[in-house]
Amino acid sequence: MNPRDSHPVSLPIDLTIQILARLPTKSLLRFRSVCKLWREVLSQKQFVDLHFALSSRTRGVAIESPDHAASTPDLVCVDPILGVSAFSLDFLDDRVKIRASCNGLLCCSSVRSRGVYYVCNPMTREFRVLPRTRERPFTRSEPEYEATLVGLGFDPATWRIHVAIAGFHRSFGRWPRGGDRRLVCKVFDAATGAWTRFAASMCDEFTCMNRNQSVYAGCSMNWLTHCCRYVSVLDLENMLWGKITLPDEVLATRQGTRFYLLELEGSVSVVQMSRFWMSTWVLKDRAKEEWALVDRVNLRCIDGYAASVFPISQTKDVVFMATQKKILMHDRNSRVWKEVYGVEGNFTYPLWFSAFAFGSTLFPCRQGALGS
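Only a predicted model underlies this, so the values are computations on that prediction, with no experimental measurement involved. (Residues numbered from 1 in each chain as written. Predicted model: local features only at pLDDT ≥ 70, side-chain atom pairs only at ≥ 80, totals over all residues. Heavy atoms only, no water.)

What follows deals with the packing of helix α1 (residues 13-20) against helix α4 (residues 45-55). Running from amino to carboxyl end, α1 crosses α4 at an angle of 45°, the nearest separation of the two axes being 9 Å. The angle between α1 and α4 falls in the class oblique. Of the residues in α4, those in contact with I17, Q18 and L20 of α1 are F47, L50 and H51. Per-class residue counts for the contact of α1 with α4 are four nonpolar, two polar and no charged. (Axes fitted to C-alpha atoms, helices over the stretch in contact; angles between N-to-C directions. Helix = DSSP H or I, 4+ residues; strand = E, 2+ residues; numbered from the N terminus. Parallel < 35°, antiparallel > 145°, perpendicular 65-115°, else oblique. Contact = heavy atoms within 4.5 Å. Nonpolar A, V, L, I, M, F, W, Y, C, P; charged D, E, K, R; others polar.)

Next comes the structure, spelled out in structure tokens:
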């Protein structure tokens, strides 16, 4: 044997990067300690972006534990390839509630300290504490109207973070109606490190499910209103509210159906559900309000759940649905349904209220890494 044959062979760095970029986030975090070179490579923006591009089709679901007795919630992540794994938000050193999710980051509100919000990456355990939404204490005459809507935006191209909070303002003992209702908004921009406050007139309501399903797309936050006739859009650049009307076919068949707002391949998507069918639409042109039907699924094979199942997350390959105690996954290619997660015992809190679209990433959220 040639002595040289026993020497380790070093792969070209470009090939090494391509191999590493296809590995799960959890493995990459362990590999940071292999050597100094790998640690530097895995922290570079070019690699983080490449890893996100290659793993963006494996979006899954994050489920927050409803055990309010715990000091911090346990987080269960369901991945279409890696299965189920558990995480904790104990690194925040606070009792928090998850309010929004975007590109592997979470926005959490403090339960103990009203007006305190965090943006964190539960995989890397990095976090950023946002400035308090207000300095004055909350009083009965000025309630915490900000917490009605909460949205998180993270632009993978620029690594820019936005957090939007909004709610209907009212004085104590008075509930404005009609055109008199004022939606007060605050938007945090990581580029400035500050909140911007403005108000707008809005007549629509938001259901509990609508509030949980905010979608970030094209530097805007999107929510589906209670009337289910249009998407309410918050333009983060101009600080203006707008509307996008739902497809004519959807509006014509609204009776007896339910609607949900999800993200699909970086675009706004509306899912319409009846007893037997689930139709998925995606917004193709925001300016022209053009929608396209991308999928229609027969729900007869899950007839026992069809009336109480809620879409939580989707890619072009799979869609995750939540019932009260189970997470189901539908493969859009094979048309096969599969139960991927379930809870046992006397569990009464519906999973659809504690589940968020989530896919693990290496994106940072601390101030220095964002260049702000």
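This part covers the nonpolar core. Formed by 45 residues in total, the largest nonpolar core has its most connected members in L152, I161, V163, L234 and W241. Looking at this core, you find at least three residues from each of domain 1 (12-56) and domain 2 (57-358). Beyond its immediate stretch of four places on either side in the chain, W241 contacts L149, A166, L183, C185, F198, A200, M202, W223, S232, V233 and L234. (Core = buried A, V, L, I, M, F, W, Y, C linked by side-chain atoms within 4.5 Å. Buried < 20%, exposed > 50% of the residue type's maximum accessible area, 1.4 Å probe, protein only. Domains from an automatic or database assignment.)

Inspection of every chain in the model, using the stated rule, returns 10 aromatic pairs. On the basis of an interplanar angle of 75° and a centroid distance of 6.0 Å, the ring pair of W159 and F363 is categorised as edge-to-face. Placement of the pair is W159 in the loop between β8 (149-155) and β9 (160-169) and F363 in the segment after β24 (355-358), with a sequence separation of 204 residues. Classification of W159 by relative accessible area gives buried; the value is 8%. Overall, the relative accessible area of 0% leaves F363 in the buried class. Ring geometry for F188 and W195: centres 5.7 Å apart, planes at 55°, overall tilted. (Phe/Tyr/Trp six-rings, centres within 6.5 Å; stacked < 30°, edge-to-face > 60°.)

Pairing of strand β21 (residues 318-322) with strand β22 (residues 326-331) involves five bridges; the strand directions are antiparallel. When the sheet's bridge partners are listed, V319 is paired in β22 with H330. With antiparallel pairing between neighbouring strands as the criterion, β21 and β22 make up a hairpin whose turn holds three residues. Of the strand pairs in this sheet, β22 and strand β23 (residues 336-342) are connected by six bridges, and their pairing is antiparallel. By the bridge assignment for β23, I327 is matched with Y341. The antiparallel pairing of β22 with β23 creates a hairpin that spans four residues between the two strands, and R335 there sits at a positive phi of about 65°. (Pairing = 2+ DSSP bridges.)

Here we come to the sheet that holds β23. Taking strand neighbours across the sheet as the criterion, the four strands line up as β20-β21-β22-β23 in an open arrangement whose pairing is antiparallel. Both outer strands of the open sheet, β20 (310-314) and β23, are each paired with one neighbouring strand and no more. When strand polarity is set aside, the average angle formed by the axes of neighbouring strands in this sheet is 30°. Inspection of the sheet shows β20 paired to β21 by four bridges, in the antiparallel sense. Residue pairing in the sheet places Q314 in a bridge with V319 of β21.

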